[in-house]
Amino acid sequence: SRIFLRWGAYLVEINSYPQFGETLYTATLDNGLKVNFLPRTDFHKTYGILTTDYGSVDNEFVPLGETEIRRFPDGIAHFLEHKLFEKEDHDAFELFGKYGADANAFTSFTRTSYLFQTTQNVAKCVTTLLDFVQTPYFSEKTVEKEKGIIGQEIKMYDDDSNWRLYFGIIENMYPKNSLSIDIAGTVDSINKITAKDLYDCYKTFYQPSNMDLFLVGNFEVEAMLELIKENQAVKEFPSPEPIKRAEEFFDLEGRDIIPYRMTELEVQRPKTIIGIKGLDKVPAGRAGLRYKLAVELLLYLLYSETSDKYLELYDEGILDDSFGYDFSLERGFHFATISGDTNKPQELSNAVIEIAEHALEFLDDKEAAFELAKRELIGRNIQAMNSLESIANRYEAELFENATLFDVGALLEQLTLADIKAVAKQFLRSEAISVYQILPKEDEDK
C-alpha cells in the first residue's frame, strides 16, 4: 500500500509491504535529491548508497551552462569516481575508517555509486558520504598522479581473459557505440583527461536532482531526514538544467552486429560467449521491470542447470560448471550473454544458438517447469531481502518507476508461460545473435 504524509516541509511517500514487514519512506528535497529510507532497527548494520545517473556511456553531452555537445575522453566517469575520494587535505576513505565504516564506489555503463556500511556512527557516515561526493577537488597535479594508477588498473583488466571475453562480445553487438569501450577507458583516453574536464562532467551530472540516496538499516527515519535536510540546506548548487546527452546510434535491424570474432590469448582452455542484443523496445516504468523478469525467466528455462538441454550438453562434455548466462537492462540498451569454458567451443556456440532459435518449441508443454522456475526466482528474491546491500543496490530509481526488491515478487507472480513465449518471440531474434571466442595461443615452437 502507498500513502503520502506531510512531515514538516516534506511530502513523504510511504510504501508498506506487510507480507515482508517492511516500510519504505521516500522524499525529494528542495534541491531535487531523492532520499529513500528502509529502517531495520533489528539489524546492527546500516548500508548507504548515493548514486548519480551517469556512467561510462555518457561521454558526449552538453556541459552545464554551455549550448553545444562536447565529446569527453573515454573512461572519464570512472576517473571522476576515483578522484572524488581525494580532497586537498584528506582522503574520504580515511574519514570512514575513523568512524569504523567501510566505503567503496563503482561505475557502470549508466551509473556511478558511492557507498558505505557501518555498525556505528551512522549519522557521521551519512554526512561524510554526502560531503565528500558533493565537494569536488581536482588539480592538474593530482589528476596526473591518478592517470598512472588507473592506467595500471586498465592493464590489469587487459590481462583478465574473462573481462576480455565479456567486452569482446559487447564490441560485437555494439561496434559503433560507446558501450563497446571499457568502462575505465584506455591508457590513451585517460591521458587526455584534465581537471577542467572533470569539473565540467561533475557540474553536469552531479546535480542533486540527478542523484538518489538509499539508506537501509538501523536508524530513525525522521531524525535521518532532518539530518540530511540540514546538510543540504547549507550547500549551494548550480541551478539544475535538463541534461542533454548525445543520441546513441542503434540499428534496430541488427545490421551493425559483427556475427563472429575470435582472438588467441594465453589461456588453458577455449572460452566462448554468445551475445543476444536487444533489438526490441523495452516498455517504460514497471512494465520494463516486468519485461526484465520475463527475460530472466526465459533464460532460466532455456539455459539453467535444470533444463533438459543443459543436462544433455553436460553429459556430452560440451559444457561444465563454468557455463552461465546473464541479462543486462540499463538506460537505453539490453542484452543477454551465455558463456563458458569448453574444449568444444564451436559445439557449445552452435548448441546455445540452436536453443535460442527454437525457444518456442523448447517451451511447449513446459508449464510445470515454468511454475517451478517462477517459484525458484521468487525464493531467490525473498532470500535477497536478507541482504541490505541487495536491497539498496537493486534499486533502479527512474528506470523502473522507483521499484524495489519488494515489488519484484508480485510482478513475478503475474507472469504466465504465454508471457515468456511472447518475450522469446520479441527478444530471441537470429539477426541479434553474435559469437566471440578466446582460443589458446598456439605454441610457436611446435
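Heads up: the structure comes first, above all this text.
Residue numbers run consecutively from 1 along every chain, following the written order of its sequence. Where totals are concerned, whole chains, interfaces and linings use all residues; where local detail is concerned, this predicted model gives features only for residues with pLDDT of at least 70, and gives and counts side-chain atom pairs only at 80 or more. Remark: hydrogens and water are excluded; side-chain values derive from all non-hydrogen atoms of the structure.

Caption draft 1: A look at the pairing of strand β14 (residues 333-341). Burial runs high along β14: seven of the nine residues are buried. One ladder, built from seven bridges, connects strand β12 (residues 271-277) with β14; its direction is antiparallel. In the strand pairing of β14, Lys-271 is matched with Asp-341. Criterion used throughout: strands pair if DSSP finds at least two bridges between them. Strands are runs of DSSP state E lasting at least two residues, helices are runs of H or I lasting at least four, and both sets are numbered from the N terminus onward. Linking two consecutive strands that pair antiparallel, namely strand β13 (residues 324-330) and β14, is a turn of two residues; a positive phi of about 95 degrees is found at Gly-332 within it. In this scheme, a residue with accessible area under 20% of its type's maximum is buried, one over 50% is exposed, and one in between is partly exposed, where area comes from a 1.4 Å probe on protein chains only.

Caption draft 2: Just the layout of surface pockets, in detail. Reported here for the largest pocket is a volume of approximately 1400 Å³. For the lining of the largest pocket, the elements supplying multiple residues, two or more each, are β5 (46-52), β10 (211-217), α9 (286-303), β13, α13 (367-384) and α15 (405-414). Of the residues in the lining of the largest pocket, the class split is 20 nonpolar, 11 polar and 13 charged. Approximately 780 Å³ is the volume attributed to the second largest pocket. In the cavity and pocket records, a cavity denotes points on a 1 Å grid over the protein atoms alone where a 1.4 Å probe fits but cannot get out, a pocket denotes an open set with protein on both sides within 12 Å along at least 5 of 7 lines, and lining residues are residues with an atom within 4 Å of a point. Lining the second largest pocket are 34 residues, and of these Phe-250, Glu-330, Arg-331, Gly-332 and Phe-333 lie nearest its centre. Taken together, the elements giving at least two residues each to the lining of the second largest pocket come down to β13 and β14. Looking at the lining of the second largest pocket residue by residue, the class counts come to 14 nonpolar, eight polar and 12 charged. Grid points are joined across faces, edges and corners, and a volume is the space filled by probe spheres set on the points. Residues are grouped as follows: Ala, Val, Leu, Ile, Met, Phe, Trp, Tyr, Cys and Pro are nonpolar; Asp, Glu, Lys and Arg are charged; every other residue, Gly included, is polar.

Caption draft 3: Representation of the sheet that holds β5 in the model. A sheet is described by the order of its strands in space; here eight strands give the open sequence β1-β2-β3-β4-β10-β5-β9-β8, paired in mixed fashion. Strands with a single pairing partner mark the edges of an open sheet, and in this sheet they are β1 (2-7) and β8 (102-107). Sheet twist, expressed as the average angle between the axes of neighbouring strands with direction ignored, equals 20 degrees. One ladder, built from five bridges, connects strand β2 (residues 10-17) with strand β3 (residues 22-28); its direction is antiparallel. Its bridge partner lying in β3, Asn-15 is registered against Leu-24. Helix α1 (residues 76-84) contacts β8 and β9 (112-118) of the sheet and is inclined by roughly 165 degrees relative to β8. To get an axis, fit a line to the C-alpha atoms, keeping to the stretch in contact for a helix; angles then go from 0 to 180 degrees between the N-to-C directions. Contacts are residue-level and defined by heavy atoms, with any inter-residue pair within 4.5 Å sufficient.

Caption draft 4: Helix α8 (residues 221-233), seen in detail. The end-to-end C-alpha distance of α8 is 18 Å, a good match for the 18 Å that 13 residues give at a rise of 1.5 Å each. Among the residues making up α8, those that are buried are Val-221, Met-224, Leu-225, Ile-228, Asn-231 and Gln-232. The arc that holds the buried residues of α8, viewed along the axis, is 125 degrees, so those residues lie on one side. For α8, the secondary structure elements touched by its buried residues are β1, β2, β3, β4 (34-39), α3 (122-133) and β10. Under the rule applied, a polar contact is a pair of N or O atoms within 3.5 Å (in protein, one hydrogen donor and one hydrogen acceptor; residues adjacent in sequence only if both atoms are side-chain atoms). Here α8 starts with a cap whose side-chain oxygen sits 3.4 Å from the backbone nitrogen of Glu-222, and that cap is Glu-220. Given the number of residues in a helix, its expected span is that number minus one, multiplied by 1.5 Å. Along the arc lie the directions from the helix axis toward the C-beta atoms.

Caption draft 5: Fine view of empty space enclosed by the protein. Going through the model one piece at a time under the given rule, you end up with two cavities of 30 Å³ or more. Taken as a whole, the largest cavity encloses approximately 40 Å³ of empty space. Residue lining of the largest cavity: Ser-56, Asn-59, Asp-74, Gly-75, Ser-178, Ile-181, Asp-182 and Ile-183, and that is the complete set. Partitioned by chemical class, the residues of the lining of the largest cavity number two nonpolar, four polar and two charged. Of the voids in this model, the second largest cavity is the one considered here, and its volume is about 30 Å³. In terms of lining residues, the second largest cavity is bounded by Leu-302, Tyr-303, Ser-307, Tyr-310, Leu-313, Leu-319, Phe-323, Val-352 and Ile-355. The set of elements that each furnish at least two residues to the lining of the second largest cavity consists of α9, α10 (308-315) and α11 (345-357). Residues that form the lining of the second largest cavity fall into these classes: eight nonpolar, one polar and no charged.

Caption draft 6: Representation of α11 in the model. When the terminal C-alpha atoms of α11 are compared, their 18 Å separation across 13 residues agrees well with the 18 Å that a helix rising 1.5 Å per residue should span. The set of residues buried in α11 consists of Pro-345, Leu-348, Ser-349, Ala-351, Val-352, Ile-353, Ile-355 and Ala-356. Packed against the buried residues of α11 are β12, α9, α10, β14, α12 (359-363) and β15 (433-440).

These results come straight from atomic positions and should not be treated as a statement about function.
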